[in-house]
Amino acid sequence: MEIGDWKTVAGMAETYRTARELGIETNIAELEAFGFTIIPPDKTGAPKDFAPRMLDALLDMARKEDELAVELNKHSDAEKPAYGRQFFHLLERDPVFIDAAMNPAVRTMAAYMMGQSYRLFSMVAFYKEGTARSTHMHCDCVGVPPPLPAYSTVCNVSWVLTPYKEETGTFGMVPGSHRMCRHPTQFEQPQFIGGMLENDAVAPVRAEPGSLVVFTGNTWHCTYPKTADGVRAHVATAFCRNFIAPAEDYSDVPDSVLERGGPELARMVGRRAWQGYGQSGPKLEDMALVRAAYQTQYG
């Protein structure tokens, strides 16, 4: 089918044409049907050494950074939302993380889920070594009361850096849960975590390094207990709609660092956001950047 510039889906035509060029139309269909999809390494367009380079950068951070530099690590494992170490504010740490955020497949999926006015919500590296407990079932719409908007307000595009399967503590997804438009209750934990949800209601993500695991903010997910030795790592690149306050503050990232990603990265991290103005008020040209979102969820 030839895709026209139809006003009723303004913004979608360009995004879908790009998805077609990248060969990820099937992934969009899976995302719509099940709430998540896995883009294999050969469809991301990234070089073959990309995931190993990102993993090397993460391992270097793990060696050099004091665990107590991260506030969450000052709490016990029982109190933390996720077992293991997390690394924040990645854009300044290594150029490979900028390239990860600016990857065409990543940005196309972000635009599809969050509209073309999407913002970078956060970029977090997750690192587990040795055995680890599960992360409980949840969805990523933090602080959003039910019913959740059907179009979702945040999304997750994660770079897998090590083999992901049950024994390595992979993601567990509940297919179709994105259409429930609510958070899971305390009783809707899978049996392998100690809850009442049947284990076969959870689909384990099996992905090789360099893959992208993509899911909406409405999709219920957890992690399997990590029973294997070795490192389990991924980098979660999260995006949000233009009216959501991003979790991460990029105001201290130097313009010289952002230059690698060009004007689009500057827009993604809020350099062109109309919100946050002072006495002089917002800039009209920045407000104009989100006007397309008034008409459709794809703008």
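Above this note sits the structure.
Residues numbered from 1 in each chain as written. Predicted model: local features only at pLDDT ≥ 70, side-chain atom pairs only at ≥ 80, totals over all residues. Heavy atoms only, no water.

Summed over all chains, the structure comprises 14 salt bridges. Residues Asp 255 and Arg 271 are paired through a salt bridge, measuring 3.2 Å at the closest nitrogen-oxygen approach. Of the two residues, Asp 255 sits in helix H7 (residues 255–258) while Arg 271 sits in the loop between helix H8 (262–268) and helix H9 (284–287), which places them 16 residues apart along the sequence. According to the relative accessible area criterion, Arg 271 is partly exposed, its value standing at 30%. With its nearest N and O atoms 3.0 Å apart, the salt bridge here joins Glu 264 to Arg 267. Taken as a pair, Glu 264 and Arg 267 lie in helix H8 at a separation of three residues, close to a single helical turn. Assessed through its relative accessible area of 24%, Glu 264 is described here as partly exposed. Salt bridges linked by common partners bring Asp 60, Arg 63 and Lys 64 together as one network. (Salt bridge = Lys/Arg side-chain N within 4 Å of Asp/Glu carboxyl O. Helix = DSSP H or I, 4+ residues; strand = E, 2+ residues; numbered from the N terminus. Buried < 20%, exposed > 50% of the residue type's maximum accessible area, 1.4 Å probe, protein only.)

Pro 147 follows Pro 146 through a cis peptide bond whose omega is 0°. Despite not being glycine, Ser 152 has its phi angle at roughly 65°, a positive value. Looking at where Ser 152 falls in the secondary structure, it is placed in the loop between strand S3 (119–129) and strand S4 (154–160). The exposure class of Ser 152 is buried, given its relative accessible area of 3%.

This brings us to the pairing of S3. Here S3 lies mainly inside the structure; ten of its eleven residues are buried. As paired elements, strand S2 (residues 85–87) and S3 share three bridges and run antiparallel to each other. Within S3, the residue paired with Gln 86 across the bridge is Phe 126. Pairing geometry for S3 and strand S9 (residues 231–240), over ten bridges, is antiparallel. In the strand pairing of S9, Met 123 is matched with Thr 237. (Pairing = 2+ DSSP bridges.)

Let us now look at the packing of helix H4 (residues 50–64) against helix H5 (residues 95–102). Relative orientation of the contacting elements H4 and H5 amounts to 135°, with a least axis distance of 9 Å. Accordingly, the angle class assigned to the pair H4 and H5 is oblique. Remark: the crossing between H4 and H5 carries left-handed chirality. For the pair formed by H4 and H5, the contact residues are Phe 50, Arg 53, Met 54, Ala 57 and Met 61 on the first element and Val 96, Phe 97, Asp 99 and Ala 100 on the second. Here the residues of the contact of H4 with H5 are counted per class, giving seven nonpolar, no polar and two charged. (Axes fitted to C-alpha atoms, helices over the stretch in contact; angles between N-to-C directions. Parallel < 35°, antiparallel > 145°, perpendicular 65-115°, else oblique. Left-handed = near helix turned anticlockwise from the far one by under 90°. Contact = heavy atoms within 4.5 Å. Nonpolar A, V, L, I, M, F, W, Y, C, P; charged D, E, K, R; others polar.)

Our focus in this paragraph is the packing of aromatic side chains. As enumerated under the stated definition, the model contains six aromatic pairs in all. Between the aromatic rings of Phe 87 and Tyr 127, the centroid separation amounts to 6.4 Å while the plane-to-plane angle is 85°, which identifies the pairing as edge-to-face. Here Phe 87, found in strand S2, pairs with Tyr 127, found in strand S3; they are 40 residues apart in sequence, far enough to count as distant. Relative to Tyr 224, the ring of Phe 192 lies with its centre 4.5 Å away and its plane at 15°, an arrangement referred to as stacked. Of this pair, Phe 192 sits in the loop between strand S5 (171–173) and strand S6 (203–204) while Tyr 224 sits in the loop between strand S8 (221–223) and S9, and the two are 32 residues apart along the sequence. Residue Phe 192 is classed as partly exposed on the basis of its relative accessible area of 24%. Three or more aromatic residues joined by ring pairs form one cluster here, namely Tyr 164, Phe 171 and Phe 215. In this arrangement the basic side chain of Arg 232 is found over the ring face of Phe 171, its NZ or CZ atom lying 5.8 Å from the centre. For the cation-ring pair, Arg 267 lies above Tyr 118, with the distance from its terminal atom to the ring centre recorded as 4.9 Å. (Phe/Tyr/Trp six-rings, centres within 6.5 Å; stacked < 30°, edge-to-face > 60°. Lys NZ or Arg CZ within 6 Å of the ring centre and 35° of its normal.)

The element S4 is extensively covered by neighbouring structure, given that seven of its seven residues are classed as buried. Side chains of S4 alternate between two faces, with Val 154, Asn 156, Ser 158 and Val 160 and Cys 155, Val 157 and Trp 159 buried alike. In terms of strand pairing, S4 meets S9 through seven bridges, oriented antiparallel. The partner of Trp 159 across the bridge, within S9, is Val 235. As judged from the five bridges shared by S4 and strand S7 (residues 212–216), these two strands associate in the antiparallel manner. Bridged to Asn 156 within S7 is Phe 215.

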